[in-house]
Every structure is written in C-alpha cells, then in structure tokens.
Amino acid sequence: MAGIEVPDHTLLPLPCDGRGMHPTEGDEVPGFEALLADGETFRATTLSEATGDRGAVLVFFGFVFSAISDNWWRAYERKGWHEFDEVPVYGIGRDGPYGINAFLRGIDSPFSVFADVDGEIADAYDLLVERDGMAGTRTSRRAVFVLDDEGEVQHAWSTDEWIHPVPTEELEEQIESL
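Residues numbered from 1 in each chain as written. Predicted model: local features only at pLDDT ≥ 70, side-chain atom pairs only at ≥ 80, totals over all residues. Heavy atoms only, no water.

**Things to note about the pairing of strand β6 (residues 89–93)**
Within β6, 5 of the 5 residues are buried, leaving the element largely enclosed by the surrounding structure. Burial of the side chains of β6 extends over both faces: V89, G91 and G93 are buried on one face and Y90 and I92 on the other. In terms of strand pairing, strand β5 (residues 55–60) meets β6 through 4 bridges, oriented parallel. Paired with L58 across the bridge in β6 is Y90. Regarding topology, helix α2 (residues 67–78) serves as the crossover connection from β5 to the parallel β6, and that connection is right-handed. Here 4 bridges tie β6 to strand β7 (residues 112–115), and the two strands are oriented parallel to one another. Counted as the bridge partner of G91 is V113 from β7. What joins β6 to β7 is helix α3 (residues 97–106), and the crossover it makes is right-handed. (Buried < 20%, exposed > 50% of the residue type's maximum accessible area, 1.4 Å probe, protein only. Helix = DSSP H or I, 4+ residues; strand = E, 2+ residues; numbered from the N terminus. Pairing = 2+ DSSP bridges. Right-handed = clockwise from strand over helix to strand, strands pointing away.)

Here it is, written out as structure tokens:
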C-alpha cells in the first residue's frame, strides 16, 4: 500500500506461490515425520516425538554448507538457543542426513536438523519457493515457528530475504513465555 512503511521484523503472513500462507499464531502446525540428524546419527522422527514438554522451535532454512547457514546456526548457539528448558530448537533444511551430519560436525553444533530432502515439510508449511538463479531449485523461505507442547503456533516469523537477521530477542521472549 502506498504511504505505509512496514518496519523490519514485523510479523506478516507472507503468501507463497499464490497458494496460501504459512501457519500463524494460533494455528496448529502440520505434523510430519522425517530423518532427524544430530551430527552423528539420524533416525526417522515425528514432530510430536521431538517436541519438548513445553514446546519446540522450528527454524526453516535453505541448505547447509552455505555461509548464511554457518553464520546463523553459530549465532543461535552463541545466544544459548540449545539451552532452552524443555523447548528444543530444530532446523529444517533441504539437504540429506549425511550432509546435515557433516555440516553439524563441521561447526560443532549442538542442534539437530530434520532432512526435508524433497521439500514436503516446507511445502506443507507454505514456505517452499523457487530460488532465483538456481535452475528450478526450490527451498524453504527462512522462517521460525515457536510452538507450544500441543503444536500450536505461539509466534511466527518469516522473510523473503535470505540473509535478513532473525529477530532473536523477540523470539526468545516468546520461547521463555511457554
């Protein structure tokens, strides 16, 4: 809209491929089962199995072994996101479990990442977008969902910008309030 400026980090439901919008506050997220890689092993795990007693945080991103992924996952660790009480933080990326494990070992990460090799999880969350200049490659738009223990979204953030910083303080407040 003309004349309206939207400040950075404003939470807006963003349309994806004209189909709909990603889950927002109050929505129940789609459940899924995927290979969960922890840097050493991987196993088929459902979202409900992975959710902690107070909830979970889902961090959608494109690919491991990119400077962006390297920087953000190290930043989440520096901020102590791996130490939330009963609220585990999981990545969801398009790489396979062997590549994810190599990445997690390479940055000595305490996090685990779901392997969304075919993009079905990102698609179910209406986050799957085609990457410009990457020959038809589709990845997840960057997004973070804070879920309660029942899988209801308590806070949602997304951006079309691949390097836009995640509003960590805002998300941390929501996580602590679970």
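Don't stop here, the text continues.
**Describing the pattern of salt bridges**
Tallied over the full model, the rule gives 1 salt bridge. Residue R74 is joined to D70 by a salt bridge in which the shortest nitrogen-to-oxygen separation is 2.8 Å. Residue R74 and its partner D70 are both found in helix α2; the two are separated by 4 residues, about one turn of the helix. Judged by its relative accessible area of 21%, D70 is partly exposed. (Salt bridge = Lys/Arg side-chain N within 4 Å of Asp/Glu carboxyl O.)

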